[in-house]
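Here's the letter readout for the chains.
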Amino acid sequence: MNKLFVLHLTPFTYFLVSPPLYKSLVGTLKHIYFPEVCAILAPFIMGRKKVKHELIANETARRTTFRKRKASLLKKTSELKILCGVEACAIIYDSQNYQLEVWPSSPEACRVLERFKDLPLAKQGKYMMDQEGFLKKNLCNLSGSLKKEKEKNRRLKMELLLSECLLTKTLHCLNNMEDMKEFPCFLEEKNNLITRKIESFCINPCQDANGKDNNNAV
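Quick caveat, the model's predicted, so the values are computed rather than measured.

1. Focus: the overall build of the protein
Step number 1: Secondary structure assignment for the protein yields 7 helices and 4 strands.
Step number 2: Shown N-terminal to C-terminal, the secondary structure of the protein runs as helices and strands in the order β-β-α-α-α-β-β-α-α-α-α.
Step number 3: Counting only residues that meet the buried cut, the protein has 15% of its 218 residues in that class.
Step number 4: In the protein, the proportion of contacts linking residues at least 24 apart, taken out of those at least 6 apart, comes to 27%.

Encoded structure:
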């Protein structure tokens, strides 16, 4: 196994590099800044480029990708079966060469498929997903995340407007109709939160609004 050198750039940044690269950089690093070091090492530490999920136009590249991805898929299926103790099979049909490849064997694949067919229709399609369904699910998840981020940004914006209003003791910072509509609702939420905390404290002074004990251990 080839030896690797530890290249120490900052107190918290290290890179493993080969001996030739280490020798070529060790004298140079004393005279350049960290961003330039990153630029030099970028070809060695960058990940793979993001692959577009579309048909590869070049036939040679497409066949090469097919061969590599097929081997990776079969390897992952084998690992899934062995490590998780599940039954699995893979059927790959090459429409260009009219070849059908079955893993691990045709009898084993037929047995797994028969067990699948014996399931009720509701269970068969419970976890089934095609490309369109996969994209729709991702789109739904992203829409939910976007909605949460918008709400977070809205609250941060209202917090900043409230701070500015308290600082200037005016409402001139509310310079558009949307802010004027949202600001009273935000103030009402703040008021309700403070009211709940006061009521909770009056009921039990030793606990906060969330029911946590505020007594310090002696």
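2. Some remarks on the packing of helix 6 (residues 131-168) against helix 7 (residues 177-203)
Step number 1: Where helix 6 meets helix 7, the axes come as close as 10 Å, and the angle between the chain directions of the two elements is 85°. When the axes of helix 6 and helix 7 are compared, the pair comes out roughly perpendicular. Contact residues: helix 6 offers Arg154, Arg155, Lys157, Met158, Glu159, Leu161, Leu162 and Cys165, while helix 7 offers Asp179, Glu182, Phe183, Phe186, Leu187, Glu189 and Lys190.
Step number 2: Along the lines of polarity and charge, the residues of the contact of helix 6 with helix 7 split into 7 nonpolar, no polar and 8 charged.

3. Observations concerning unusual backbone geometry
Step number 1: Between Trp103 and Pro104 the backbone carries a cis peptide bond, its omega angle lying at -5°.
Step number 2: Mapped onto the secondary structure, Pro104 falls in the loop between strand 4 (99-103) and helix 4 (106-117).

4. Quick notes on a nonpolar patch on the surface
Step number 1: On the surface, Ile91, Tyr93, Tyr98, Leu100 and Leu113 cluster together to form a nonpolar patch covering roughly 580 Å² of accessible area.
Step number 2: Relative to the elements of secondary structure, Ile91 occurs in strand 3 (residues 90-94).
Step number 3: Note on Ile91: relative accessible area 46%, which makes it partly exposed.

About the cut-offs
Residues numbered from 1 in each chain as written. Predicted model: local features only at pLDDT ≥ 70, side-chain atom pairs only at ≥ 80, totals over all residues. Heavy atoms only, no water. Helix = DSSP H or I, 4+ residues; strand = E, 2+ residues; numbered from the N terminus. Buried < 20%, exposed > 50% of the residue type's maximum accessible area, 1.4 Å probe, protein only. Contact = heavy atoms within 4.5 Å. Axes fitted to C-alpha atoms, helices over the stretch in contact; angles between N-to-C directions. Parallel < 35°, antiparallel > 145°, perpendicular 65-115°, else oblique. Nonpolar A, V, L, I, M, F, W, Y, C, P; charged D, E, K, R; others polar. Patch = residues over 30% accessible without salt bridge, like charges linked within 9 Å, V, L, I, M, F, W, Y side chains within 5 Å. Areas by Shrake-Rupley, 256 points an atom, 1.4 Å probe, with all protein chains shown as cover. Salt bridge = Lys/Arg side-chain N within 4 Å of Asp/Glu carboxyl O.

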